[in-house]
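Listed below, chain by chain, are the residues.
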Amino acid sequence: MIEHKFPYESLIGGWYINHNVCDELLKLYNDKKELSVSAVKTTHIHDPKVKTGLDLFVDTHTIKKHFKNYYDTLAECLQLYLKKYNEANNTEKFKIIEPFKIQYYNKGQGYKVWHFENDGMEHMAKRHLVFMTYLNDLKDGGTSFKYQNLTSPAKKGLTLIWPPYFTHTHKGQISFDEEKYIITGWYSFYE
């Protein structure tokens, strides 16, 4: 797997996965009638100043069963991350528990404000690592990381892994020219 080199001290890992795996996920998003009843489409326009777009929640069973290529490839990325940052593995057991989210953003949409993935709220408190894969190429649709002072490129197949805490406050780079598709989720501690 080809690595996208972020500064080591950023604690952000990035690897390029096969485009065919991305295409399978795009088909899933665009052909929702094939989904199990446990996958739910919701609209996120609670506050258009914060985030606009569509999220498709897909449970881990559906991903493992129907999209094994992505699940297995993601596991490879995780192993590369843990090899690079081995302290991330010297903790309690963790795995994917929450549903994955395939997110679609039309031109001008996105997660527009700084945020992080574990703010201590009950449903986020056990999150250990975040993962995200860009499912299409964009000129200007990456992810900006505030304290690392960097913006990732939005390249099809680029899979990022990073810690979910305030240290990795981030927001989407809004594209006003292109649509954006990503899949994201979390590795969480469990007992």
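Above this text sits the structure in question.
Visitor: Explain the overall build of the protein chain to me, please; I cannot follow it from the model alone.
Guide: Secondary structure assignment for the protein chain yields three helices and 14 strands. Taken over C-alpha atoms, the radius of gyration comes to 16 Å for the protein chain, in line with the 16 Å a tight globule of 191 residues would show. If one aligns the C-alpha atoms of the protein chain with their principal axes, the spans along those axes are about 40 × 35 × 35 Å. Taking all 191 residues of the protein chain together, the buried fraction comes to 51%. By sequence separation, contacts in the protein chain at least 24 residues apart represent 77% of the contacts at least 6 residues apart. Taking the average location of the 25 positive side-chain charges in the protein chain and that of its 23 negative ones, the two points are 2 Å from each other.

Visitor: What am I meant to see in a nonpolar patch on the surface here?
Guide: Judged by side-chain polarity, Tyr147, Tyr165 and Phe166 come together as a nonpolar surface patch covering roughly 350 Å² of accessible area. In this fold, Phe166 is placed in the loop between β12 (158-162) and β13 (170-172). Assessed through its relative accessible area of 54%, Phe166 is described here as exposed.

Visitor: Help me understand the sheet that holds β13, please; the structure alone is not making it clear to me.
Guide: Strand-to-strand pairing in sheets goes through backbone hydrogen bonds, with the strands running parallel or antiparallel. Strand order in this open sheet of three strands is β11-β10-β13, and the pairing throughout is antiparallel. Across the chains shown, the open sheet's two edge strands, defined by having one partner strand only, are β11 (150-151) and β13. Of the pairings in the sheet, the one linking strand β10 (residues 143-145) to β13 comprises three bridges and is antiparallel in character. The residue bridging Phe145 from the neighbouring strand is His170, located in β13.

Visitor: In this structure, what is going on with helix α1 (residues 19-30)? I would like to understand it.
Guide: Every α-helix carries 3.6 residues per turn, so stepping three or four residues along brings you back to the same face. The terminal C-alpha atoms of α1 lie 16 Å apart, and with twelve residues this matches the ideal 16 Å at 1.5 Å per residue to within 8%. For α1, the side-chain oxygen to backbone nitrogen distance between the N-cap and Asn20 is 2.6 Å, and the N-cap itself is Asn18.

Visitor: When you look at the pattern of salt bridges in this model, what are you seeing that I'm missing?
Guide: Any two side chains of opposite charge can pair if their charged atoms end up close together. Following the criterion strictly, the structure yields eight salt bridges and no others. Measuring nitrogen to oxygen at the nearest pair gives 2.6 Å for the salt bridge that ties Glu3 to Lys84. Here Lys84 lies in helix α3 (residues 68-84) and Glu3 lies in strand β1 (residues 2-3), a separation of 81 residues in the sequence. Note that Arg127 is salt-bridged to Glu117, the shortest N-O span being 3.7 Å. Highlighted residues: Arg127 in strand β9 (residues 127-134) and Glu117 in the loop between β8 (110-111) and β9, separated in sequence by ten residues. The burial state of Arg127 is the same as that of Glu117; both residues are buried.

Visitor: What is the right way to look at the pairing of β12 in this model?
Guide: Residues in a regular strand point their side chains to alternate faces of the sheet. Counting buried positions along β12 gives five out of five residues, so the element sits mostly inside the fold. Side chains Leu158, Leu160 and Trp162 of β12 all project onto a buried face; the interleaved residues Thr159 and Ile161 project onto the opposite face, where all are buried too. Note that strand β2 (residues 13-16) and β12 share four bridges and pair antiparallel. Bridge pairing in β12 places Gly14 opposite Leu160. Strand direction decides the pairing type here: β9 and β12, joined by four bridges, are antiparallel. The residue of β12 that forms the bridge with Thr133 is Thr159.

Reading the values: the criteria
Residues numbered from 1 in each chain as written. Predicted model: local features only at pLDDT ≥ 70, side-chain atom pairs only at ≥ 80, totals over all residues. Heavy atoms only, no water. Helix = DSSP H or I, 4+ residues; strand = E, 2+ residues; numbered from the N terminus. Rg over C-alpha atoms; globule rule 2.2 N^0.38 Å. Buried < 20%, exposed > 50% of the residue type's maximum accessible area, 1.4 Å probe, protein only. Contact = heavy atoms within 4.5 Å. Lys, Arg positive; Asp, Glu negative; His and termini not counted. Charge placed at Lys NZ, Arg CZ, Asp CG, Glu CD. Patch = residues over 30% accessible without salt bridge, like charges linked within 9 Å, V, L, I, M, F, W, Y side chains within 5 Å. Areas by Shrake-Rupley, 256 points an atom, 1.4 Å probe, with all protein chains shown as cover. Salt bridge = Lys/Arg side-chain N within 4 Å of Asp/Glu carboxyl O. Pairing = 2+ DSSP bridges. Expected span 1.5 Å × (residues − 1). Polar contact = N/O pair within 3.5 Å; in protein donor to acceptor, adjacent residues only side chain to side chain.

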